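Examination of the molecular architecture
As a plain string of letters, each chain reads:
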Amino acid sequence: MAKSAIIRIMISSRCLDYFPAGQTTTRLSDVRKELKSEIESTQLFGKKIFEVWINEEVPPQGGTWDSWEVCMEGVKECDVLLAISNGSAGYADAVGSIGICHAELMTALSTAPAKVRLVAIGNVLITEDADGIRNKRFQDFVSRQSLFRGGTVTTTVELKVRVMEALHDAIISLAQSGVREASKGRFHSGQALDWSRLDFSSRRAEMARVLREAISSRPGSKEVAGKLFAKLNDCAILMETHAIPAAFNVGPAREMVGQPFLHDHVYAAVLTGKRGGPVHVIACHKSATENQATKLLGFPDATVVSAPFGVFVADNIQKVQFVFIVNCRDEANTRHGVQRFFEWLNQTGEDKFMANRAQARARIVHAIAKEAPP
């Protein structure tokens, strides 16, 4: 896909499959070409703003490129990926491989999940041959992603409307994300410089304040007895906020947080009913690594994930959970880190697992509290 000064859209789907399913007159390739024409004809202030990439109209590439590489490159370079899924994984070069549609969606989700929009048009039936196994693997993958897609569309008219709705949502969402990214500024000036002038104690207090405000402003969040609960998977989860006011490897700054899970039993009184937690959310003034995160936990046998917001750690035995929000240099960066963390939870479906672990942690906390000295 050539570099362009306009917004680049890629449509990913099967080409030769018929749509709607059961008829033999219109293929998805026909619909893709119509969508390309309609989207590219849209203008803003009299100027063209969209360029649509579909593999049917890609010119021949050099001899070192195959069709798979061309499609993967298109996924990486597009600004918005519109995945029209009928549950078919697409072409694969060998038994046991994943299909091209599966690979395109997986690549987009692993590189820039915010640009992906999924439109469901039903699922092909699962057969017992290699294609069926591949399709089952793809359908399971899509199901695990928990991507919001609206209802399944069954007609060409509905499909075109849904694609336009998805594109409209993507453009607004990505534009707003860009504004938030631009608002963060540079670390050597503005509020970031003001925070750097503060001593450890004052900077820690300011970071913790913004962190708490960012979480409390989310839908469903509330305070109970001075404690902050966020809504995850329809559960109220206690979020304990902390801040490391310098680089993680600066001992005095790191020791201001210590190992906070050792004191979780003091929260037993507020963890009533179905409330879970605590989950410890730690604002880091600079970076944090997976190795540093596991050292804070005390042992390496845990779920550790590096993500755009920072590092997530979960101990699946004691159910201890940490979230490290990195580069909390100023208010904008801190709020943006919190936003990206919650987006990651929703996009990956991890919110469900976090809520389950948090509820298990609450039960453990109550057990420890009963044995703690008065």
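Residues numbered from 1 in each chain as written. Predicted model: local features only at pLDDT ≥ 70, side-chain atom pairs only at ≥ 80, totals over all residues. Heavy atoms only, no water.

1. Quick notes on the overall build of the protein chain
Scanning the protein chain for helices and strands turns up 11 helices and 13 strands. Counting only C-alpha atoms and orienting by the principal axes, one finds that the protein chain spans roughly 75 × 50 × 40 Å. Burial analysis of the protein chain (374 residues in total) assigns 45% to the buried set. Partitioning the contacts of the protein chain with sequence separation of at least 6, the portion at a separation of at least 24 is 69%. When the accessible surface of the protein chain is split by element, carbon and sulfur atoms take 53% of a total near 18500 Å². Across the protein chain, the 45 positively charged side chains and the 41 negatively charged ones have centroids separated by 5 Å. (Helix = DSSP H or I, 4+ residues; strand = E, 2+ residues; numbered from the N terminus. Buried < 20%, exposed > 50% of the residue type's maximum accessible area, 1.4 Å probe, protein only. Contact = heavy atoms within 4.5 Å. Areas by Shrake-Rupley, 256 points an atom, 1.4 Å probe, with all protein chains shown as cover. Lys, Arg positive; Asp, Glu negative; His and termini not counted. Charge placed at Lys NZ, Arg CZ, Asp CG, Glu CD.)

2. A look at the pairing of strand β5 (residues 80-85)
Counting buried residues in β5 gives six out of six residues, a clear majority hidden from the surface. In β5, alternate side chains face the same way, and those of V80, L82 and I84 on one face and L81, A83 and S85 on the other are all buried. Both strand β1 (residues 7-12) and β5 contribute to a ladder of four bridges, which runs parallel. Across the sheet, residue I9 finds its bridge partner in β5, namely V80. (Pairing = 2+ DSSP bridges.)

3. So, the nonpolar core
Among the nonpolar cores identified, the biggest contains 31 residues, and I215, M239, V323, F341 and F342 are the most heavily contacted of them. Among the secondary structure elements, those contributing two or more residues to this core are α7 (200-216), β8 (227-232), β9 (235-244), β10 (276-284), β12 (310-314), β13 (321-325), α10 (331-348) and α11 (350-371). Core analysis: the second largest hydrophobic core is formed by 22 residues, M10, V70, C101 and L118 among them. (Core = buried A, V, L, I, M, F, W, Y, C linked by side-chain atoms within 4.5 Å.)

4. A look at the packing of aromatic side chains
When we look at a pair of aromatic rings, we describe it by the centre distance and by the angle of the planes. If you walk through the whole model with that rule in mind, you get seven aromatic pairs. Put simply, the rings of F309, F312, F341, F342 and W344 pair up and form one aromatic cluster. Note that R275 overlies the ring of F229, its terminal NZ or CZ placed 5.3 Å from the centroid. (Phe/Tyr/Trp six-rings, centres within 6.5 Å; stacked < 30°, edge-to-face > 60°. Lys NZ or Arg CZ within 6 Å of the ring centre and 35° of its normal.)

5. Notes on the confidence of the model for the protein chain
Mean pLDDT over the protein chain works out to 88, with 92% of the residues at or above the 70 mark. In this model, residues 61-65 is a region of pLDDT below 50 whose contacts with residues beyond four sequence positions or in other chains number four contacts. (pLDDT = per-residue confidence, 0-100.)

6. Topic: unusual backbone geometry
In this chain, F19 is followed by P20 through a cis amide linkage whose omega measures -5°. Within the secondary structure, P20 is located in the loop between β1 and α1 (28-40). Cis rather than trans, the peptide bond between G277 and P278 has omega equal to 5°. For P278, the position within the fold is in strand β10. Positive phi, normally seen in glycine, also occurs at F45, with a value near 55°. Along the polypeptide, F45 turns up in the loop between β2 (43-44) and β3 (47-48). In this structure, N327 is a non-glycine residue whose phi angle is positive, near 55°.

7. What to know about the sheet that holds β10
Spatial strand order, β7-β8-β9-β10-β13-β12-β11: seven strands in an open sheet with mixed pairing. The open sheet terminates on both sides in strands that have one partner only, identified here as β7 (222-224) and β11 (303-307). Between one strand axis and the next, the sheet turns through 30° on average, direction left out of account. Across four bridges, the pairing between β8 and β9 is antiparallel. Pairing of L232 across the sheet is with C235, part of β9. Its contacts with the sheet put α11 on β8, β9, β10, β12 and β13, and the angle it makes with β10 is roughly 115°. (Axes fitted to C-alpha atoms, helices over the stretch in contact; angles between N-to-C directions.)

8. Section: the packing of α10 against α11
At a closest axis distance of 5 Å, the pairing of α10 and α11 adopts a crossing angle of 100°. One way to sum up the angle between α10 and α11 is to call them roughly perpendicular. Each of F341, W344, L345, N346 and T348 in α10 lies in contact with α11, whose residues at this interface are E350, D351 and M354. (Parallel < 35°, antiparallel > 145°, perpendicular 65-115°, else oblique.)

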